[in-house]
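A look at the structure
Now for the letters of each chain:
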Amino acid sequence: VIATTLLLVLAPLLAAEDIKFSTLPQGDLERRLQSAPATNSARAEELKRAFSAAGCPSVEEQSFHKSKPPNIICRFPGSSQHAIVVGAHYDFTGK
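Scope of this entry: the structure provided in the associated data block. (Residues numbered from 1 in each chain as written. Predicted model: local features only at pLDDT ≥ 70, side-chain atom pairs only at ≥ 80, totals over all residues. Heavy atoms only, no water.)

**Some thoughts on helix H3 (residues 40-53)**
Look at H3: 20 Å from first C-alpha to last across 14 residues, which is about the 20 Å you get at 1.5 Å a residue. By the burial criterion, the buried members of H3 are Arg43, Ala44, Leu47, Lys48, Ala50 and Phe51. Looking straight down H3, one finds that the buried residues subtend no more than 165 degrees of arc, so they occupy a single side. For H3, exposure combined with an orientation more than 90 degrees from the buried face picks out Ser41 and Ala53. At the exit of H3 stands Gly55, carrying a positive phi of roughly 95 degrees. (Helix = DSSP H or I, 4+ residues; strand = E, 2+ residues; numbered from the N terminus. Expected span 1.5 Å × (residues − 1). Buried < 20%, exposed > 50% of the residue type's maximum accessible area, 1.4 Å probe, protein only. Arc of directions from axis to C-beta.)

In structure tokens, the structure reads:
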């Protein structure tokens, strides 16, 4: 799931004028969901690893509430003062 999220988010960076989307077969999606780490902290570590593996030059945590998991943020510097920020929702409440 994380790799798919990264691909969909990074696609505009790679070829903005040639974006194509395709769907995953239901079974593939279910297998990916079943293999996802069981805890929020393990999912956060997997997301950091995936961002780094995708070439993200800056991966950081951003706390926003002490009882919630932090945001995991990937920043790509732009050619100006602006940056491209990539994030993903990874926490699970069991509801």
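**Topic: the environment of Arg43**
Structurally, Arg43 is set in helix H3. Measuring from C-alpha to C-alpha, the distance between Arg43 and Tyr90 comes to 6.4 Å, with 47 residues separating the pair along the chain. For Arg43, the side chain forms a polar contact with the side chain of Asn40, separated by 2.5 Å. (Polar contact = N/O pair within 3.5 Å; in protein donor to acceptor, adjacent residues only side chain to side chain.)

**Section: the state of the cysteines**
Evaluated as defined, the whole model comprises 1 disulfide. A disulfide bridge connects Cys56 with Cys74, and the sulfur atoms are separated by 2.0 Å. Handedness of the Cys56-Cys74 disulfide follows from its S-S torsion of about 120 degrees: it is right-handed. Taken as a pair, Cys56 in the loop between H3 and strand E1 (58-62) and Cys74 in strand E2 (residues 71-77) lie far apart in primary sequence, 18 residues in all. (Disulfide = S-S within 2.5 Å.)

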